[in-house]
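A look at the structure
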Amino acid sequence: MTETITNPLAQATTYDCRQVFAEELIALAREDDRVVVVCNDSVGSSNLGAFRAEFPDRLINVGIAEQNMVGVGAGLANAGLVPFVSAAGPFLTGRALEQIKADCAYSGHKVVLCGQSPGMAYGELGPTHHSVEDLSWLRAIAELPVVVPTDRAQTRAAIRWAHSHDGPSYLRIPRFKVPDVVPADAPFSPGHAVTLREGHDVTVVAVGTMVPRALIAADRLAADGISARVLNTPFVDPLDETAILRAAAETRAVVTVEEATVSGGLGAAVASLTGRHCPVPLRLLGVTGFAPTGSAEGLLEHFGLTADGIHSAARELARLPSSAS
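One structure accompanies this document, and this report is about it. (Residues numbered from 1 in each chain as written. Predicted model: local features only at pLDDT ≥ 70, side-chain atom pairs only at ≥ 80, totals over all residues. Heavy atoms only, no water.)

**Some thoughts on the packing of helix α8 (residues 210-223) against helix α12 (residues 307-318)**
At a minimum axis separation of 8 Å, α8 and α12 run at an interaxial angle of 55°. One finds that α8 runs oblique with respect to α12. Relative to α12, the crossing made by α8 is right-handed. Of the residues in α12, those touching α8 at M210, R213, A214, I216, A217, R220 and L221 are A307, D308, I310, H311, A314 and R315. (Axes fitted to C-alpha atoms, helices over the stretch in contact; angles between N-to-C directions. Helix = DSSP H or I, 4+ residues; strand = E, 2+ residues; numbered from the N terminus. Parallel < 35°, antiparallel > 145°, perpendicular 65-115°, else oblique. Left-handed = near helix turned anticlockwise from the far one by under 90°. Contact = heavy atoms within 4.5 Å.)

**Side note on unusual backbone geometry**
Note the cis peptide between D237 and P238, where omega equals 0°. In this structure, E143 is a non-glycine residue whose phi angle is positive, near 60°. Structurally, E143 is set in the loop between α6 (134-139) and β6 (146-147).

**Some words on the pairing of strand β12 (residues 254-261)**
The buried count for β12 comes to eight of eight residues, which makes it a mostly enclosed element. Direction of pairing for strand β9 (residues 202-206) relative to β12: parallel, over a ladder of four bridges. By the bridge assignment, V205 is partnered in β12 with T256. By the bridge criterion, five bridges tie β12 to strand β13 (residues 282-287) in an arrangement that is parallel. Bridging across to β13, T261 finds its partner in V287. Viewed along the sheet, the connection from β12 through helix α10 (residues 266-277) into β13 turns out right-handed. (Buried < 20%, exposed > 50% of the residue type's maximum accessible area, 1.4 Å probe, protein only. Pairing = 2+ DSSP bridges. Right-handed = clockwise from strand over helix to strand, strands pointing away.)

**Thoughts on the pattern of salt bridges**
Overall, the coordinates contain 16 salt bridges when judged by the stated rule. In this structure, the salt-bridge partner of E24 is R160, at a minimum N-O distance of 2.7 Å. In this pair, E24 sits in helix α1 (residues 17-31) while R160 sits in helix α7 (residues 152-164), placing the two residues 136 residues apart along the sequence. For E24, a relative accessible area of 11% translates into the label buried. Taking relative accessible area as the criterion, R160 reaches 30% and is therefore assigned partly exposed. Each member of the salt-bridge network shares a partner with another, and the members are E24, E31, R156 and R160. (Salt bridge = Lys/Arg side-chain N within 4 Å of Asp/Glu carboxyl O.)

**Focus on the packing of aromatic side chains**
Enumeration according to the criterion identifies three aromatic pairs in this entry. Relative to F55, the ring of F51 lies with its centre 5.1 Å away and its plane at 45°, an arrangement referred to as tilted. Both residues of the pair, F51 and F55, count as buried. Measuring from ring centre to ring centre gives 5.1 Å for W161 and F235, while their planes differ by 85°; the resulting arrangement is edge-to-face. A residue pair is termed long-range when its members are at least 10 positions apart, and W161 in helix α7 and F235 in strand β11 (residues 235-237) qualify at 74 residues. The exposure class assigned to W161 is buried, which follows from its relative accessible area of 12%. By relative accessible area, which is 2% here, F235 ends up buried. (Phe/Tyr/Trp six-rings, centres within 6.5 Å; stacked < 30°, edge-to-face > 60°.)

**Here's the deal with the nonpolar core**
Nonpolar side chains tend to gather and get buried jointly when the protein is soluble and globular. Among the nonpolar cores identified, the biggest contains 40 residues, and V70, V85, L92 and L113 are the most heavily contacted of them. Secondary-structure elements contributing two or more residues to this core are β2 (35-39), α3 (66-78), β4 (82-88), α5 (97-106), α6, α9 (241-250), β12 and α10. In this view, L113 contacts V70, V85, L92, I100, L144, S169, Y170 and L171; residues no more than four positions away in its chain are not counted. (Core = buried A, V, L, I, M, F, W, Y, C linked by side-chain atoms within 4.5 Å.)

**So, the sheet that holds strand β3 (residues 59-61)**
One open sheet accounts for seven strands, arranged β3-β2-β4-β5-β7-β6-β11; its pairing is mixed. Two strands close off the open sheet at either side, each with one partner strand: β3 and β11. Most of the contacts of α7 go to strand β7 (residues 169-173), to which it runs at about 160°, and overall it touches β2, β4, β5 (112-116), β6, β7 and β11.

Below, the structure written as C-alpha cells:
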C-alpha cells in the first residue's frame, strides 16, 4: 500500500546521513546489548569512532578482509547477536557477494549489511570505488530486502527497521549531504512507498539522493504546465507494486531515477513490473557502463542524475502523443 503525504521540499540545509547512522547505532546499542558492529578497517569512513569509544568490546575490526567480515557477522548472528556489518558499498557487496548470498540470505541470519558511501560519492577514486552495481547484485538474491533511505528520518527508520527485521537486510548509507524531504512520521516498511507529490501527467520514481532532485524537477515541470507525481520508494526490493502500477495507470509515463546502474536496479524492477501489468512509456535514469573518474557532482551531471536531467526526461515523456501511452 502507499501513503500520500504533502510535504514541500525542505530547507536548503543538508545533512550527512553517516552521522545519523552512527548516532542511531549508538542509541540501539544502549538499548540492546546484542548489537555489535563488524567493519573492515573502516572505523573512520563508517563514522564508528564514537561507537568504538563507548562500546570497545562490541566493535570487531577484521581488517581489509570483506569476505571474512560478512562471515564473522553471520557467525555472530548465529550466536544470537545482532551484527551491523559496515563497509564501503563497493567492497562490501563486490568482494563478499558469495558470503552475502550463502551465509546471510540463504541461511536466514539476521545480519544488517551497511553499504557506506554508495553510488558515485567517492568521485575521484574512480570505478573501483563506485558502488553502482550493488542494487542489481543484491536484488537478485532471494530473501534479502534492499533499502535505500533518502534523508535523516528515513536513515533512522531504516536502521530501526533492520534491527527489528527477522532476517538479513542491506542498507545504503549515503555520503552525499541531503536535505530533509520525507516527513519524520512517514510510514517505513517493506513494499511501502511514500507519495511526496501528487500528479497526473507523469510519475517520477526516485530513491536515495535522487529524491530531492526529483522534487526540484517536479517544481520546474509545474512551471511548464506538467503535473508530476513523485514517488519515494525506499525499498527497492520489495517494491510497492500497488503504488507503482497505480501511478502507471493514472499518469502518462514513468521516469525512474537512481544513483546506480540501470541494469537490474530500480529502473529494471519498475520496467519489469509495468511491462507485465501496465505498459507505459518509460525512461530509466541511472548509470550506463562504467562510471568514469571525476568529481561526484560532475559524475551525476554526466549521467543526467540532476534536477535538470529529470526535468528534461519527464517533460519529453509527458509531451508524447496520447497514442504513445
